[in-house]
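# Architecture at a glance
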Amino acid sequence: MTLTAIALNCTLKVEGESSTDAMIMVLADAFAKHDVTVVETVRIAAENVKTGVSSDEGDGDTWPAIRAKILAADILIFGTPIWMGQMGSVAKRVLERMDAFLGETDDAGRQPSSGKVAVAAIVGNEDGAHISSAQIFQSLNDTGWTIPAAAACYWVGEAMGKVDFKDLEKTPDKVLETAAMTASNAAHLARLLKGETYPGVPESRQPSSDNRPDQ
C-alpha cells in the first residue's frame with residue numbers, strides 16, 4: 001500500500017535555505033524506504049495563513065487550501081525550528097488554526113484528521129526539542145491526529161554554538177537512526193489506519209453537549 005505524506009515547514013524565513021527543510025529531507029529519505037512519498041513541503045511563512053482558530057479566516061487566507069492538502073495525505077510531517085527554547089511562532093499559528101477541527105466532527109464524533117498520522121521534525125540550538133515535541137504532540141492529539149511511537153526526529157546544537165543543522169558536513173548517525181525509526185513506525189501505523197480507521201462513537205452514544213466542558 002503506497003502512502004503519501006505532506007510536510008509543513010514552519011521556519012520563520014519566508015525564503016532561503018532552512019535547517020527545518022534539511023530535517024524534513026532526512027525524514028523524507030527515511031519514508032521513501034517504506035513506500036511513503038512526500039508529495040509537497042509547504043513553507044507556511046511564505047503563505048498568507050491568517051491568525052485565528054477557524055478553518056477559513058476570510059478574504060486572502062491561504063489556510064483552507066493548505067488544510068485540504070494536509071487532510072488529503074496519510075501522514076503529516078510537522079517541521080519547526082526552536083527559538084528561545086520553544087517552537088516558533090509560525091508553528092503555533094498552524095496549531096491554532098487546527099483548533100477548528102474540534103468542532104468539525106462527523107456523525108461518529110471523529111475530527112477531519114481522524115486516522116491520519118503525524119510526526120515532528122525539529123531543529124535548533126542548545127535546547128527546546130523536548131518541550132517543543134510535548135507541545136506539538138499534545139496539540140496534534142487534541143485535534144485528532146494519531147502519534148506513533150518515536151514520533152519526533154530532532155537535532156540541537158551545542159550551547160552557545162553557531163553551527164546550524166543545515167551547515168553540518170554530515171548528518172549525525174543518531175539523527176539518521178531516529179529518522180529511520182520514526183518513518184518505520186509512522187508508515188506502519190498509517191497503513192493500519194488506512195486499512196481500518198477508528199470507529200468513532202455513534203451519535204446515540206455521544207454525551208450531551210450540555211455535559212461538555214467549555215472551550
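The structure reproduced in this document is the subject of the present report. (Residues numbered from 1 in each chain as written. Predicted model: local features only at pLDDT ≥ 70, side-chain atom pairs only at ≥ 80, totals over all residues. Heavy atoms only, no water.)

## Quick notes on the overall build of the chain
- Per the secondary structure count, the chain includes five helices and six strands.
- For the chain, the N- to C-terminal ordering of α and β elements is β-α-β-α-β-β-α-β-α-β-α.
- For a compact globule of 215 residues, the expected C-alpha radius of gyration is about 17 Å, and the chain comes in at 17 Å, within 12% of that figure.
- The C-alpha extent of the chain, read off along each of the three principal axes, is 60 × 40 × 30 Å.
- When burial is assessed residue by residue, the chain has 42% of its 215 residues classed as buried.
- By sequence separation, contacts in the chain at least 24 residues apart represent 80% of the contacts at least 6 residues apart.
- Accessible area of the chain: about 11100 Å², with a carbon and sulfur share of 51%.
- Here the chain contributes 19 positive and 30 negative side-chain charges, whose respective centroids are spaced 2 Å apart. (Helix = DSSP H or I, 4+ residues; strand = E, 2+ residues; numbered from the N terminus. Rg over C-alpha atoms; globule rule 2.2 N^0.38 Å. Buried < 20%, exposed > 50% of the residue type's maximum accessible area, 1.4 Å probe, protein only. Contact = heavy atoms within 4.5 Å. Areas by Shrake-Rupley, 256 points an atom, 1.4 Å probe, with all protein chains shown as cover. Lys, Arg positive; Asp, Glu negative; His and termini not counted. Charge placed at Lys NZ, Arg CZ, Asp CG, Glu CD.)

## Focus on unusual backbone geometry
- The phi torsion at Asp-35 lies on the positive side, around 60°, for a residue other than glycine.
- Its place among the elements puts Asp-35 in the loop between helix H1 (19-32) and strand E2 (36-43).
- Unusually for a residue other than glycine, Met-160 sits at a positive phi of about 60°.
- You can see Met-160 is positioned in the loop between strand E6 (152-157) and helix H5 (173-195).

## Focus on helix H2 (residues 63-72)
- Among the residues of H2, those classed as buried are Trp-63, Ile-66, Arg-67, Ile-70 and Leu-71. Along the axis of H2, the buried positions cluster into a sector of 130°, meaning they face one direction only.
- Looking at the buried side of H2, the elements it contacts are strand E1 (3-9), E2, strand E3 (75-83) and helix H3 (89-98). (Arc of directions from axis to C-beta.)

## Observations regarding the packing of aromatic side chains
- Tallying each qualifying case throughout the model produces one aromatic pair.
- Taking the centre distance of 5.6 Å and the plane angle of 45° together, the rings of Trp-155 and Phe-165 count as tilted. Taken together, the residues Trp-155 in strand E6 and Phe-165 in the loop between E6 and H5 connect sequence positions ten residues apart. (Phe/Tyr/Trp six-rings, centres within 6.5 Å; stacked < 30°, edge-to-face > 60°.)

## Some details on H5
- Compared with an ideal rise of 1.5 Å per residue, which puts 23 residues at 33 Å, H5 spans 33 Å between its outermost C-alpha atoms and is within 8% of the ideal.
- Within the span of H5, buried status applies to Val-175, Ala-179, Thr-182, Ala-183, Ala-186, Ala-187, Ala-190 and Leu-193.
- Against the buried residues of H5 lie E1, H1, E2, E3, strand E5 (117-125) and E6. (Expected span 1.5 Å × (residues − 1).)

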